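This is what each chain is made of:
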Amino acid sequence: ARELSGDTEDKPDAAVACPMVVYHHSSVRNKRCLLAYLQHRLEHILTLRWQTGSSIPDDLKPKLSENEVHLFDQYDSILGDYMQEIDMDLTADLKPP
């Protein structure tokens, strides 16, 4: 019927467009939630280093993935190198004077 009326403009079919929009917005929301969750775990791991020192407590180690343990170890190494370079133990007292 479009060809007969001369209407050659492509209009998206609502039956296809609506689910695509919902799917897209759901994907974006899920991505934001996943990134927020990963950021929370990252912050928790970095905080753990300051609270427990250079080793992960045995009760927490099974709860961390291999990559998270690697992150903890790398962060510990970087922090140790920095403290050595400035010749100061930043972990000695976490409360300011």
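**Student:** Before we move on, can you summarise the overall build of the protein with the specific residues and values?
**Tutor:** Counting its regular elements, the protein contains 3 helices and 0 strands. Starting at the N terminus and walking to the C terminus, you meet the elements of the protein as α-α-α. Buried residues in the protein amount to 11% of all 97 residues. Expressed as a percentage of contacts within the protein between residues at least 6 apart in sequence, the contacts between residues at least 24 apart total 39%. A total accessible area of about 8,300 Å² is found for the protein, and carbon and sulfur atoms account for 57% of it.

**Student:** Could you give me a rundown of the nonpolar core, with the residues and numbers involved?
**Tutor:** Ile45, Leu48, Ile56, Leu64, Val69 and Phe72 together form the largest nonpolar core, which totals 6 residues. Among all residues touching Val69, those that are not within four sequence positions of it are Ile56 and Leu64.

**Student:** I'd like a description of the packing of helix 2 (residues 14-52) against helix 3 (residues 66-86), backed by residues and values.
**Tutor:** Put simply, helix 2 and helix 3 touch, their axes get as near as 10 Å, and they point 50° apart. Judged by the inter-axis angle, helix 2 sits oblique to helix 3. As for how helix 2 packs across helix 3, the hand of that crossing is right-handed. Taking contact as the criterion, the partners of Arg41, Leu42, Ile45, Leu46, Leu48, Arg49, Trp50 and Thr52 in helix 2 are, on helix 3, Glu68, Leu71, Phe72, Tyr75, Asp76, Leu79 and Met83.

**Student:** Help me get a handle on unusual backbone geometry, residues and values and all.
**Tutor:** Its identity is not glycine, yet Asp87 carries a phi of approximately 55°, on the positive side. Structurally, the position occupied by Asp87 is in the segment after helix 3.

About the cut-offs
- Residues numbered from 1 in each chain as written.
- Predicted model: local features only at pLDDT ≥ 70, side-chain atom pairs only at ≥ 80, totals over all residues.
- Heavy atoms only, no water.
- Helix = DSSP H or I, 4+ residues; strand = E, 2+ residues; numbered from the N terminus.
- Buried < 20%, exposed > 50% of the residue type's maximum accessible area, 1.4 Å probe, protein only.
- Contact = heavy atoms within 4.5 Å.
- Areas by Shrake-Rupley, 256 points an atom, 1.4 Å probe, with all protein chains shown as cover.
- Core = buried A, V, L, I, M, F, W, Y, C linked by side-chain atoms within 4.5 Å.
- Axes fitted to C-alpha atoms, helices over the stretch in contact; angles between N-to-C directions.
- Parallel < 35°, antiparallel > 145°, perpendicular 65-115°, else oblique.
- Left-handed = near helix turned anticlockwise from the far one by under 90°.

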